[in-house]
Amino acid sequence: MTNRITVSLDDEAQVALDELVGQAEKPQSELVRQALVFYAANYDAATAEASPNLEAYHQMLSSGEHVLLDVDFLHCFLDYVEDETGTPDPDFLELADQVSRYHAREYEHRFETLGELLNWLSFCGFLTVRETHGDTYHVVFPTESVKWFMTRFVERSAAKLSFELELEEGVSKVLMTEVRSEG
């Protein structure tokens, strides 16, 4: 059974429909039916405001400074720079530490707390953070390689922040505590 409706189109909608008819080479009725089904299936995304995460991802990617990277590639890179005993290549460490020093200068004016820094790195997908109590964070890593790499990065990139960092390492987790000096 087919239901008929009459729809009034404003200029913008009419231009869009005309362009779609030209591109898809389908009748208007078919395109309107497909558009309604698509809109219904994606209603939440179409009517919601962009999430803060989506906005941040857009800013990161559009600047050209960051790229999306499949986590398997990260594991490949880290495995490649480790020898058979798991010891990282010294040349790689020097370059990674150079990146960390650069980020330390950037983070000095960007983050006030360890929690802010860890939340940012969690957003980037390198680790998972759970606050345990006070200024101590339970940080979970997907692999041992990511753990040593990101722990080293956090230590070095937090160097210019207004607190000291204490670490207590477990097998795949690290307790990270923000320690502020008295006075």
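Going by the structure above, here's the rest.
Conventions used here
Residues numbered from 1 in each chain as written. Predicted model: local features only at pLDDT ≥ 70, side-chain atom pairs only at ≥ 80, totals over all residues. Heavy atoms only, no water. Salt bridge = Lys/Arg side-chain N within 4 Å of Asp/Glu carboxyl O. Helix = DSSP H or I, 4+ residues; strand = E, 2+ residues; numbered from the N terminus. Buried < 20%, exposed > 50% of the residue type's maximum accessible area, 1.4 Å probe, protein only. Polar contact = N/O pair within 3.5 Å; in protein donor to acceptor, adjacent residues only side chain to side chain. Phe/Tyr/Trp six-rings, centres within 6.5 Å; stacked < 30°, edge-to-face > 60°. Lys NZ or Arg CZ within 6 Å of the ring centre and 35° of its normal. Core = buried A, V, L, I, M, F, W, Y, C linked by side-chain atoms within 4.5 Å. Contact = heavy atoms within 4.5 Å. Patch = residues over 30% accessible without salt bridge, like charges linked within 9 Å, V, L, I, M, F, W, Y side chains within 5 Å. Areas by Shrake-Rupley, 256 points an atom, 1.4 Å probe, with all protein chains shown as cover. Lys, Arg positive; Asp, Glu negative; His and termini not counted. Charge placed at Lys NZ, Arg CZ, Asp CG, Glu CD. Pairing = 2+ DSSP bridges.

S.K.: Honestly, the pattern of salt bridges in this entry has me stumped. Any pointers?
M.R.: Pairing between side chains becomes possible if they bear opposite charge and their charged atoms approach one another. Applying the stated criterion across every chain, the model contains nine salt bridges. Of the charged contacts in the structure, one is a salt bridge between Glu-30 and Arg-33, with a shortest N-O distance of 3.1 Å. Taken together, the positions of Glu-30 and Arg-33, both in helix α2 (residues 28–41) and three residues apart, correspond to about one turn of that helix. Among the residues examined, Glu-30 registers a relative accessible area of 27% and is labelled partly exposed.

S.K.: Mind showing me how you'd approach the environment of Glu-94 here?
M.R.: Turning to its location among the elements, Glu-94 is positioned in helix α6 (residues 90–108). A polar side-chain atom of Glu-94 sits 3.0 Å from a polar atom in the side chain of Arg-101.

S.K.: Is there a simple way to think about the side chain of Ser-100 in this case?
M.R.: Among the secondary structure elements, Ser-100 is positioned in helix α6. Since its relative accessible area comes to 2%, Ser-100 is described here as buried.

S.K.: Just checking my understanding: could you explain the packing of aromatic side chains for this structure?
M.R.: Think of a pair of aromatic rings as described by two things: how far the centres are apart, and how the planes are tilted against each other in angle. Evaluated as defined, the whole model comprises six aromatic pairs. Ring pairing ties together the aromatic residues Phe-92, Trp-148 and Phe-149, which thus form one cluster. Note that Arg-110 overlies the ring of Trp-120, its terminal NZ or CZ placed 4.1 Å from the centroid.

S.K.: I would appreciate a short explanation of the nonpolar core in the present structure.
M.R.: In terms of nonpolar packing, the biggest core is built from 27 residues, with Tyr-107, Leu-117, Leu-121, Phe-141, Met-150 and Met-176 touching the most fellow members. Mapped onto this core, the elements with two or more residues apiece are α5 (71–80), α6, α7 (114–123), β2 (136–140), α8 (144–157) and β4 (173–179). Excluding residues within four positions of it along the chain, Phe-141 makes contact with Phe-126, Leu-127, Val-146, Lys-147, Met-150, Thr-151, Ser-172, Val-174 and Met-176.

S.K.: How do you make sense of the side chain of Thr-136 when you look at a structure like this?
M.R.: Within the element layout of this structure, Thr-136 appears in strand β2. The class for Thr-136 is buried, based on a relative accessible area of 10%. Among the polar contacts listed, one links the side chain of Thr-136 to the side chain of Thr-177, at a separation of 3.0 Å.

S.K.: Which parts of the structure should I look at to understand a negative patch on the surface?
M.R.: Judged by side-chain charge, Asp-83, Glu-84, Asp-89 and Asp-91 come together as a negatively charged surface patch. With respect to the helices and strands, Asp-91 occurs in helix α6. Note on Asp-91: relative accessible area 59%, which makes it exposed.

S.K.: I keep staring at the pairing of β2 and nothing clicks. Help me out?
M.R.: Both faces of the sheet carry side chains from a regular strand, because those side chains alternate between them. Extensive coverage of β2 is indicated by the burial of four of its five residues. Pairing geometry for β2 and β4, over five bridges, is antiparallel. Its bridge partner being in β4, Val-140 is matched across the sheet by Lys-173.

S.K.: Can you walk me through a nonpolar patch on the surface in this structure?
M.R.: Nonpolar side chains collect at one region of the surface, where Ile-5, Val-7 and Leu-9 lie side by side and expose about 290 Å² of accessible area between them. Position of Val-7 relative to the elements: it lies in the segment before α1 (11–24).

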